[in-house]
Amino acid sequence: MANHSSAYPIIGASFNQDNSGFAISTKDCFKIIDSNTGRLCYERAVGTFIIVEMLYSSSLLAIVGAGEQPSLSPRRLCLFNTTTGAPLREMTFLTSILSVRLNRKRLVVVLLEKTYIYDTNSLSMLDTIDTVSNSKGLCAFSPSLDGCFLALPASTTKGAVLVYNVMELQLHCEIDAHRSPLAAIALSSSGKYIATASEQGTIIRVHLVLEATKSYSFRRGSYPSTIFSLSFSPSLQLPDILAATSSSGSVHIFSLGFETNQRSKKSGSFLGSILPDSVNDALDPAHHHVLHNAVSAGVRSYAVVRKVDKVVDSSSSEIALCRAVISLIAYNGYFQEYTFTLNSQNESTWSLEREFNLLGVSSGNAETS
């Protein structure tokens, strides 16, 4: 979530587990905003925070300061109650906290070379994972209690991922995803998929977590680019789509499982008949859809798939189409929301539905502190 560059007014941004709300932090405050309405739900102006993590839409926040004031040490995690405006518990670590993730059962704290697992309710420490040096604080977490996995870098020289089951407190697998070190990782809400991108940023790979096997391999582009974010759709029933943002300023959508006429034609070809679907997907650019110049090139951005609906094509009741809501936070201070539609010919359209300045969100009807 955190971005330490002073070039942007927004220092950090994070959506909650179901993308119904998000937090942004600036040098002066942090804000909690409702994703559906854009309404400011909470604001606290007491200094700079590098991490603000929500627990769904509850009053519990996990916050970490930037260290610009003695009371906001980057080594101190504060579990904070927005209703009372008071800390519930503070935990201090030996080194700076780089990432925090939580759900209703587990709290994960990522340091440079250690990751701690806690029980969310009692805050008793359940396990400690020794990791390779993780200066970016890379981690991914699936909030579902049935497939609750944590993903961490497993190497500093290649794109290997360690996948840990935080409910059973045991290593699940290690996946060799890329030849270059990791730049971004994401787990789907159900824990079914893990997506990875390397520092090259040209290939996005998706693996099935339970089998630790590659299912999809997408080419984002031919030239290297920094992947800023990866995010799966929150639906547990529909086929997933994956959103990515990069330093090129584009938003990329990759579809995982929606049937289209183009896919059906390919499967009927000679090549499609002898290659498994996962290889077809690796060779088929039709699963990749791009919104160019969503933000200025180089500006850090973070996109999530907030909603996905399956729509029946009026011309053929057998064709299932995709309509998704994509929310984008640009660290230069703007929020954008798009409707992404994929038709039966695998053609995509993007429609900008909302855009507003995050720094100007009013506190008139918000609870503030």
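Data block above holds the structure.
Residues numbered from 1 in each chain as written. Predicted model: local features only at pLDDT ≥ 70, side-chain atom pairs only at ≥ 80, totals over all residues. Heavy atoms only, no water.

(A) Representation of the overall build of the protein chain. Within the protein chain one finds three helices and 29 strands. When the 369 residues of the protein chain are sorted by exposure, 57% land in the buried category. Long-range contacts, defined here as pairs at least 24 residues apart, represent 43% of the contacts in the protein chain between residues at least 6 apart. Split by element, the accessible area of the protein chain, about 15600 Å² in all, is 48% carbon and sulfur. (Helix = DSSP H or I, 4+ residues; strand = E, 2+ residues; numbered from the N terminus. Buried < 20%, exposed > 50% of the residue type's maximum accessible area, 1.4 Å probe, protein only. Contact = heavy atoms within 4.5 Å. Areas by Shrake-Rupley, 256 points an atom, 1.4 Å probe, with all protein chains shown as cover.)

(B) The nonpolar core, seen in detail. Membership of the largest hydrophobic core comes to 34 residues, with the highest contact counts inside it found for Phe22, Ile24, Ala324, Ile326, Ile329 and Leu358. Sorting the residues of this core by element identifies β1 (12-15), β2 (21-25), β22 (240-246), β23 (251-256), β25 (301-313), β26 (316-330) and β27 (334-342) as the ones contributing at least two each. Among the elements that take part in this core, β26 stands out by supplying six residues, more than any other. Among residues more than four places away in sequence, those in contact with Ile326 are Val251, Ile253, Ala303, Val304, Val305, Gln336, Glu337, Tyr338, Phe340 and Trp350. Judged by nonpolar contacts, the second largest core, of 21 residues, contains Leu77, Leu79, Leu102 and Leu123. (Core = buried A, V, L, I, M, F, W, Y, C linked by side-chain atoms within 4.5 Å.)

(C) Inspection of the pattern of salt bridges at higher detail. All told, the structure shown has eight salt bridges when counted by the stated rule. Residues Arg101 and Glu53 are paired through a salt bridge, measuring 3.6 Å at the closest nitrogen-oxygen approach. Of the two residues, Arg101 is situated in strand β9 (residues 99-102) and Glu53 in strand β5 (residues 49-54); the sequence distance between them amounts to 48 residues. Here Lys136 makes a salt bridge to Glu199, at a shortest N to O gap of 3.3 Å. With a gap of 63 residues between them, Lys136 in the loop between β12 (125-130) and β13 (140-141) and Glu199 in the loop between β18 (193-198) and β19 (203-208) connect regions that are remote in the sequence. In this structure, a network of salt bridges that share partners links the residues Arg306, Glu337 and Arg354. (Salt bridge = Lys/Arg side-chain N within 4 Å of Asp/Glu carboxyl O.)

(D) Representation of the sheet that holds β18 in the model. Sheet architecture is open: four strands sit in the order β17-β18-β19-β20, paired in antiparallel fashion. The open sheet is flanked by β17 (182-187) and β20 (213-219), the only strands paired with a single partner. Across the sheet, the axes of successive neighbouring strands diverge by a mean angle of 20°, strand direction being ignored. Sheet topology places β19 next to β20; six bridges connect them, and they run antiparallel. Considered in β20, the bridge of Leu208 is made with Thr213. (Pairing = 2+ DSSP bridges. Axes fitted to C-alpha atoms, helices over the stretch in contact; angles between N-to-C directions.)

(E) Here's a closer look at the pairing of strand β15 (residues 159-165). Of all seven residues that make up β15, seven are buried, and the element is covered over most of its length. The alternating pattern of β15 places Gly159, Val161, Val163 and Asn165 on one face and Ala160, Leu162 and Tyr164 on the opposite face, and all of these are buried. The pairing of strand β14 (residues 149-153) with β15 spans five bridges and is classified as antiparallel. By the bridge assignment for β15, Leu150 is matched with Tyr164. As paired elements, β15 and strand β16 (residues 170-178) share seven bridges and run antiparallel to each other. The partner of Val161 across the bridge, within β16, is Ile175. Adjacent in sequence and paired antiparallel, β15 and β16 are bridged by four residues, among which Leu169 carries a positive phi angle near 55°.

(F) A look at the pairing of β27. With seven of its nine residues buried, β27 lies for the most part within the structure. Looking at chain direction, β27 and strand β28 (residues 348-357) are connected through nine bridges and run antiparallel. Following the sheet pairing, Thr339 is matched in β28 by Ser351. Connecting β27 to the antiparallel partner β28 that follows it, the hairpin turn spans five residues, and Asn346 within it adopts a positive phi of roughly 65°.

(G) Quick peek at the packing of aromatic side chains. All chains considered together, the criterion is met by 17 aromatic pairs. Relative to Tyr118, the ring of Phe93 lies with its centre 6.4 Å away and its plane at 80°, an arrangement referred to as edge-to-face. Of the two residues, Phe93 is situated in the loop between β8 (86-92) and β9 and Tyr118 in strand β11 (residues 114-119); the sequence distance between them amounts to 25 residues. Tyr118 shares its class with Phe93; the two are buried. Feature note: the residues Phe15, Phe22, Tyr302, Phe335 and Phe356 constitute an aromatic cluster, connected by ring pairs. Between the NZ or CZ atom of Arg104 and the centre of the ring of Tyr56, over which it lies, the distance is 4.0 Å. Sitting over the face of the ring of Tyr331, Arg300 holds its NZ or CZ atom 5.7 Å from the ring centroid. (Phe/Tyr/Trp six-rings, centres within 6.5 Å; stacked < 30°, edge-to-face > 60°. Lys NZ or Arg CZ within 6 Å of the ring centre and 35° of its normal.)

(H) Seen up close, the side chain of Lys31. Tracing the sequence through the fold places Lys31 in strand β3 (residues 30-34). Here Lys31 is buried and forms no salt bridge, its nearest opposite-charge partner Glu43 lying at an N-O distance of 4.5 Å. Among the polar contacts made by the side chain of Lys31, one reaches the main-chain carbonyl oxygen of Leu359 at a distance of 3.3 Å. Not counting residues within four places of it along the chain, the set of residues in contact with Lys31 comprises Phe22, Ala23, Ile24, Leu40, Tyr42, Glu43, Leu358, Leu359 and Val361. (Lys, Arg positive; Asp, Glu negative; His and termini not counted. Polar contact = N/O pair within 3.5 Å; in protein donor to acceptor, adjacent residues only side chain to side chain.)

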